[in-house]
Amino acid sequence: MKCALRHAALAALIALAPLSAAAAPQTVGSPAIAWQSVGTLSPAAGYAENIGVAGLVQGTFGDYIIVGGGANFPNGGPLTGAAKVTYPDVYVLRATADGLVETDHAQMPYPVGYGASVTTPGGVLYFGGSTDETGARAVTRLTAPDGKLHTEALPPLPFALQNGVAVYDRGMVYLGGGKQDGDFSTHFYAYDVMTGALSQLPDFPGAAREQSVAEMLGGRLYVFSGGAGEAYADGYAYDPKTRTWTSVAAPNVDGQPVSLLGARAVRLSSDEMLVVGGFNLEIYNWAVSNLTTLTGEEKEAFRAHYFTMAPEDYHWNKEMLVYNAKTNAWRSIGQLPFSAPCGEALVMAKGALYSISGEIKPGVRSPRIYRGVFVK
């Protein structure tokens, strides 16, 4: 049996202990979460170690977590000119009261990463998200009824999709945003899980963007933040009954706007969602501006500085933020005791929260899996 805790015995004991004093339950707001480091996934096929990925396939099937794919720079980061690699490796992890057990490591027929994943009663649906021309439009159902990965190819989308959002509610997946056929798009759709029929919704009212966070709360679809040429810190809700979008409270901490570009969200209840991670608004916009306007030696000097900064210097969002749809308000429940991730997998299984891999600075991934336990 493969096990996700790929450490020597002493290291495993350390990994299962609280991360630090900072990992004690937070008291800023509820629910409080205590985090532990619980190992890594096994290496991708052909590699000796797992160095982490971003843009993962993610979801749950019963007590099993289905996660994998994603991309990294195995031969060096952006400064080296090395290629970004996207992987077909997908893992099945059984969630137990004590943590995770890796029960399968399988291969998709093409690389998968930066698509839209959503858990439904019938399995995890994965839309688009591939460097392969066919995979970029594909719709795949992933299940694990026996702890082994099962995949089913469904009729494809009529467009290629990357970095969009997908949220399930009562037989429908609300799908859209991101890049559609290579361009940033405001188009959203309702995808019928039973029939595969795709019907277009009114366009998203904000600027076209990718890597937003979204969740279904109180019968409405909420979409926050994301970015294109800049990072956005806004929010909108779509009501399927009235087919209208409305503006809602923007992500913030004590009134200061927060970017959730690249963050991940899970639903805590019918009215609340939890968000982990996100690029820093000011630093992201500063970097994009310089990388797109500077030229020659100035640009190369900026690149050398920007891509070699320490992870903490990017000031990615460490606040664990909860949005309440009833009160239309945000609150912090404390800070992450590990490097804030972007593009990680974030799932709930067996009553615990799991943050799996993700980017911790531009071009650098973490292989770590963190388990968060809700403390009353």
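Residues numbered from 1 in each chain as written. Predicted model: local features only at pLDDT ≥ 70, side-chain atom pairs only at ≥ 80, totals over all residues. Heavy atoms only, no water.

Engineer: Residue-level account of the sheet that holds strand S22 (residues 244-247), with values.
Structural biologist: If you trace the four strands from one edge of the open sheet to the other, you get S19-S20-S21-S22, paired in antiparallel fashion. Here the strands that pair on one side only, and so sit at the sheet edges, are strand S19 (213-217) and S22. Pairwise comparison of adjacent strand axes, ignoring direction, gives a mean angle of 25° for this sheet. Sheet analysis places strand S21 (residues 235-239) next to S22, joined by four bridges and oriented antiparallel. Paired with alanine 237 across the two strands is threonine 246, which belongs to S22. (Pairing = 2+ DSSP bridges. Helix = DSSP H or I, 4+ residues; strand = E, 2+ residues; numbered from the N terminus. Axes fitted to C-alpha atoms, helices over the stretch in contact; angles between N-to-C directions.)

Engineer: Break down unusual backbone geometry for me, with residues and values.
Structural biologist: Phi is positive for arginine 243, close to 55°, though the residue is something other than glycine. On the secondary structure map, arginine 243 appears in the loop between S21 and S22. Arginine 243 sits in the partly exposed class, given a relative accessible area of 44%. If you check the backbone angles, asparagine 328 has positive phi at about 50° while not being a glycine. Positionally, asparagine 328 belongs in the loop between strand S27 (319-324) and strand S28 (329-335). Under the relative-accessibility criterion, asparagine 328 is labelled partly exposed at 33%. (Buried < 20%, exposed > 50% of the residue type's maximum accessible area, 1.4 Å probe, protein only.)

Engineer: Can you tell me about helix H2 (residues 281-293), naming the residues and giving the values?
Structural biologist: With 13 residues, H2 should cover 18 Å at 1.5 Å per step; its first-to-last C-alpha distance of 18 Å lies within 8% of that length. Burial in H2 covers these residues: Leu281, Ile283, Tyr284, Ala287 and Asn290. In this structure, the buried side of H2 is in contact with strand S24 (256-257) and helix H3 (296-306). Looking at where H2 begins, the residue whose side-chain oxygen comes 3.1 Å from the main-chain nitrogen of glutamate 282 is asparagine 280. (Expected span 1.5 Å × (residues − 1). Contact = heavy atoms within 4.5 Å. Polar contact = N/O pair within 3.5 Å; in protein donor to acceptor, adjacent residues only side chain to side chain.)

Engineer: Give a detailed account of the nonpolar core, specifying residues and quantitative values.
Structural biologist: Core analysis: the largest hydrophobic core is formed by 29 residues, its most contacted members being Ile33, Trp35, Leu274, Tyr306, Met320, Leu336 and Leu353. Considering every element that reaches this core, the biggest residue donor is H2, with four residues. Beyond its immediate stretch of four places on either side in the chain, leucine 353 contacts Ile33, Trp35, Val266, Leu274, Leu346, Val347, Met348, Tyr370, Arg371, Gly372 and Phe374. Counting 19 residues, the second largest nonpolar core, distinct from the first, contains Val38, Val53, Tyr87 and Tyr354. (Core = buried A, V, L, I, M, F, W, Y, C linked by side-chain atoms within 4.5 Å.)

Engineer: So what's going on with empty space enclosed by the protein? Which residues, and what values?
Structural biologist: Counted by the stated rule, this structure contains one cavity of 30 Å³ or more. Here the largest cavity is characterised by a volume of approximately 70 Å³. Taken together, 16 residues line the largest cavity, and the ones lying closest to its centre are Gly177, Gly178, Phe188, Arg209 and Ser212. (1 Å grid on protein atoms, 1.4 Å probe; cavity = no way out; pocket = protein on both sides within 12 Å on 5 of 7 lines; lining within 4 Å. Points joined across faces, edges and corners; volume = space filled by probe spheres on them.)

Engineer: I'd love a proper account of the sheet that holds strand S15 (residues 179-180), names of residues and values included.
Structural biologist: One open sheet holds the three strands; their spatial order is S12-S15-S16, and the pairing between them is antiparallel. Each end of this open sheet is capped by a strand with a single partner; those strands are strand S12 (161-162) and strand S16 (183-184). Pairing of S15 with S16 involves two bridges; the strand directions are antiparallel. What sits directly across from lysine 179, in S16, is phenylalanine 184.

Engineer: Now, about the confidence of the model for the protein chain: what can you tell me, with residues and values included?
Structural biologist: Per-residue confidence for the protein chain gives a mean pLDDT of 92, with 92% of residues at or over 70. This stretch, residues 1-27, has a pLDDT under 50; its non-local contacts, to residues over four places away or in other chains, come to 58 contacts. (pLDDT = per-residue confidence, 0-100.)

Engineer: Before we move on, could you go through H3 and cite the residues and values that matter?
Structural biologist: Residue pairs three or four apart in sequence face the same way in an α-helix, which turns once every 3.6 residues. Of all the residues in H3, the buried ones are Phe302, Arg303 and Tyr306. Buried positions in H3, seen along its axis, are confined to an arc of 100° and lie on one side of it. Tucked inside the fold, the buried residues of H3 contact H2. (Arc of directions from axis to C-beta.)

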